Structure formats: structure tokens, C-alpha cells
Amino acid sequence: MAVDLTSYEEFALITLNRPEALNALSFRIIGEIGDAIDAATVTDARAILFTGAGDKAFCAGADIKELRNRPLTDQRQGSELGQAVFSKLDTAPIPSVALINGYAFGGGLELALACTFRLASPNAKVGLPEIKLGLIPGYGGTQRLPRLIGEARALEMIMTGRTVDAEEAERVGLVHGVVDGDLLEEGVTFTRRVTRFSLPALQFARDAVRRATGISLTEGLKVEADLSTLAYRTADAEEGMAAFEEKRKPDFKDA
Ligand code: DAK
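Here's a quick rundown of the structure. Keep in mind that what you see is a predicted model, and the values were worked out from it rather than measured.

**Section: the overall build of the protein chain**
Helix and strand counts for the protein chain stand at 11 helices and 10 strands. Taken over the C-alpha trace, the protein chain has a radius of gyration of 19 Å; the compact-globule value for 255 residues is 18 Å, and the two agree within 12%. A buried classification covers 46% of the 255 residues belonging to the protein chain. For the protein chain, contacts bridging at least 24 residues in sequence account for 68% of all contacts bridging at least 6. For the protein chain, the accessible area works out to roughly 13200 Å², and carbon and sulfur atoms hold 55% of it. Side-chain charges of the protein chain comprise 29 positive and 37 negative groups, with the mean position of each set lying 3 Å from the other.

**Details of the packing of aromatic side chains**
A complete count under the given rule lists three aromatic pairs for this structure. With centroids separated by 5.9 Å and ring planes inclined at 80°, the aromatic side chains of Phe86 and Tyr139 adopt a geometry described as edge-to-face. In this pair, Phe86 sits in helix α3 (residues 72-91) while Tyr139 sits in the loop between β8 (125-127) and α5 (141-149), placing the two residues 53 residues apart along the sequence. Accessibility classification places Phe86 together with Tyr139 in one group, the buried group.

**Points about empty space enclosed by the protein**
Summed over all chains, the structure comprises one cavity of 30 Å³ or more. Considering only enclosed or pocket space, the largest cavity measures out at about 30 Å³ in volume. Together, Pro95, Val97, Phe117, Phe190, Thr191, Val194 and Thr195 line the largest cavity. The element that contributes the greatest number of residues to the lining of the largest cavity is helix α8 (residues 183-195), accounting for four residues. Of the residues belonging to the lining of the largest cavity, the class tally is five nonpolar, two polar and no charged.

**Focus: the site of the ligand**
Every one of the 25 residues lining the ligand counts as a neighbour, but Lys56, Ala60, Ala62, Lys65 and Gly107 are closest to it. Ala60 places a main-chain nitrogen or oxygen 2.7 Å from a nitrogen atom of the ligand. The contact in question runs from an oxygen atom of the ligand to an N or O atom on the side chain of Lys65, over 3.0 Å. Here the ligand has 1100 Å² of accessible area as a free molecule, and 66% of this is covered by the chains.

**Some words on a nonpolar patch on the surface**
A grouping of Ile64, Leu133 and Leu135 is seen on the molecular surface, where their side chains present a nonpolar patch of about 260 Å² in accessible area. Within the secondary structure, Leu135 is located in the loop between β8 and α5. Note on Leu135: relative accessible area 37%, which makes it partly exposed.

Procedures and definitions
- Counting starts from 1 at the beginning of each chain's written sequence and moves along it residue by residue.
- Residue-level local features of this predicted model are given only where pLDDT is at least 70; pairs of side-chain atoms are given and counted only at 80 or more, and the full residue set underlies all totals for whole chains, interfaces and linings.
- Side-chain metrics rest on all non-hydrogen atoms present in the structure, leaving aside hydrogens and water.
- Comment: elements are numbered from the N terminus, with helices defined as DSSP H or I runs of at least four residues and strands as E runs of at least two.
- Here the globule rule is a power law, 2.2 Å times the number of residues to the power 0.38, and the radius of gyration is based on C-alpha atoms.
- The buried label goes to any residue with under 20% of its type's maximum accessible area, the exposed label to any with over 50%, and the partly exposed label to all in between, with areas taken from a 1.4 Å probe on protein chains only.
- Contacts are assigned to residue pairs with any non-hydrogen atoms lying within 4.5 Å of each other.
- In these tables, accessible area is a Shrake-Rupley quantity obtained with a 1.4 Å probe, and a residue counts as shielded only by the protein chains included in the view.
- Under the convention used here, Asp and Glu are negative, Lys and Arg are positive, and both His and the chain ends fall outside the count.
- Where a charge lies is defined by one atom per residue type: Lys uses NZ, Arg uses CZ, Asp uses CG and Glu uses CD.
- Stacked, tilted and edge-to-face pairs are distinguished by plane angle, under 30 degrees for stacked and over 60 for edge-to-face with tilted covering the rest, among Phe, Tyr and Trp rings (Trp via its six-membered ring) whose centres lie within 6.5 Å.
- Residues are called lining when one of their atoms sits within 4 Å of a cavity or pocket point, these points coming from a 1 Å grid over the protein atoms alone, where a cavity is a set in which a 1.4 Å probe fits but cannot get out and a pocket is an open set with protein on both sides within 12 Å along at least five of seven lines.
- Grid points are joined across faces, edges and corners, and a volume is the space filled by probe spheres set on the points.
- Just so you know the grouping, Ala, Val, Leu, Ile, Met, Phe, Trp, Tyr, Cys and Pro go in nonpolar, Asp, Glu, Lys and Arg go in charged, and all remaining residues, Gly too, go in polar.
- If a single non-hydrogen atom of a residue is within 4 Å of a molecule or strand, that residue counts as near it.
- For this analysis, a polar contact is any N or O atom pair within 3.5 Å, provided that within protein one partner can donate a hydrogen and the other can accept it, and provided that sequence-adjacent residues contribute only side-chain to side-chain pairs.
- Within the patch definition used here, like charges are joined within 9 Å and nonpolar side chains (Val, Leu, Ile, Met, Phe, Trp, Tyr) within 5 Å, considering only residues with over 30% relative accessible area and no salt bridge.
- One speaks of a salt bridge when a side-chain nitrogen belonging to Lys or Arg is within 4 Å of a carboxyl oxygen belonging to Asp or Glu.

Here it is as C-alpha cells:
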């Protein structure tokens, strides 16, 4: 297995573990990532953290050696496989955080883009260099990057294939923070700022925001009305509002 699923504190930790190839994504590894996401979401983990083995790379992208000399139909299926696996993170019942501990190129950045949050180490370098190979991103990058950083910046990154350092990635909103010190420990602290709240409410919030970009404002407001009403009906909402009135901390039960 080149993908390890372990638990770390109250989280599931998925480690891309192929350091000799800078954790490059073969199709087998993409499948294993999908299995690991599925397995993580049926545990009591409160979030999924992703990291890359070794001290150089989160993930250097698709396995370029494997990509060559494949029939076109296989390529299309490969693209759809990567998209489907990374899209599992959109609908997973728990949030996900990419801990970008070095290079995150191509498919590696696309995996990070599919996560709910991204944190980077100061030595992180990210980019979508597919154009340099005569390709374009195939695992969601052309769709998720402009949604995150805007069309102009995304086009420039995708059409030049240039490398973006951690400081710039934070400045343009591509990562939520650059972390000095132990990325995993800092990632845990960051993630807890979110996961201390009710998981159902967090899922409604993610769903509402995710759907906002694909629909008109009028439709989006209906989605928000639906999901905020659903959140209101949870026991956690009752607990949260009662705790406010009683001037105490809420005790959420994820229900
Ligand atoms: N694939 C395969 N092997 C890789 C790799 C990759 N992406 N990246 C690195 N490696 C391997 C190297 O070949 C080397 O192996 P050996 O030669 O030792 O056997 C080992 O990892 C260490 O790499 P380097 O020696 O190159 O290490 P450096 O520190 O010097 O350089 C680097 C690090 C990250 C700057 C460099 O390795 C690099 O530029 N890597 C490639 C980055 C990249 O271009 N990634 C792919 C982007 S394209 C699709 C359509 C499109 C895509 C996918 C599917 N379909 C239609 C299905 C596109 C996806 C992409 O991700």
C-alpha cells in the first residue's frame, strides 16, 4: 500500500507514502486514496488530514511515467477516476485538511484543492505545471482553482505552469496559512478550531457554501434557507442556543 490510513488524535490521517517518487499519483494510488477516504468517513474521526511521506513533497502530481502511451479511452477514465475520488471530499460528512509539506504539483495540488482547508510549510511549492508537459489539469484543477483564487490568477497559474511559493499561496488565498514548526501539530490545532463545533452543522455550512458557486444567488438563497432550517432542527442547535442563554459552553453531540 502506498497510502496509509491511521488515526492521529481525533482525526484520520491519510499519508501518501511513496517518497522515492515524491508521492506521485499512480492510478492505483488514486484508487487507494478513494478507499482511505471511504474508510475514514465510517470511523469516528472528526476530520481527515492529508500529508505526504518524506521531507520533500506532499505530492509531485500524476505519475508522469505511467501516463504515457495509454489509449485515449483509458485517459478519459483516468481523469474521471481522479475527479471522482477527489470529489468524495466535497460530500464527505467530515471536513478535510491538506498539510502541504513540500511540493504539491499537478494532481497533488488538485487533491489539496479538493480539501476543505489547506495549510503549508514555509518550504511548500505549489503549481499546476501540466502545460509544460503539453497537458492541462485533469483532476479538477481547472474548476477548483478559479473558484478559490479567481479566474485571472487561476488562468495565469495554469497557462504558465509556474511554481508558487508558500508566501504567495497564502497571500492569494490558495492556502489558509503557512505554518512554522511541526505541520501536523499545527494542523491539529487549526482543525480543532473547526471540529469543536457540531459536525452536522459544519456539513450543512460546507454544503451551502460549496453549492453557492454553481447556482444563481436566488437559488443559492433557497439552498441556504433549506440548510439553515435543517441545522436549526438538530439537537446541537438547541444545545448551542441553550448554552448561550445559560452562559456556558455548549456540549455538542453531533446530532
Ligand atoms: N511522476 C513520476 N515520478 C516522479 C514525479 C512524477 N510526477 N515527480 C518526481 N518523480 C520521481 C523522479 O522521476 C525521481 O525518480 P528517480 O529518477 O529517482 O527514479 C524522484 O521522483 C525524485 O524526483 P527528482 O529527482 O526530480 O527530485 P527533485 O528534487 O530534483 O525535483 C520536482 C523535484 C518536484 C521539482 C521534480 O521531481 C518535478 O518537476 N516533478 C514533476 C512535477 C510534475 O510535472 N508533476 C506532474 C504534473 S501533471 C490526466 C491528465 C492530466 C494529468 C493527469 C491525468 N488524464 C487525462 C488522465 C496531469 C496530472 C499532473 O499532475
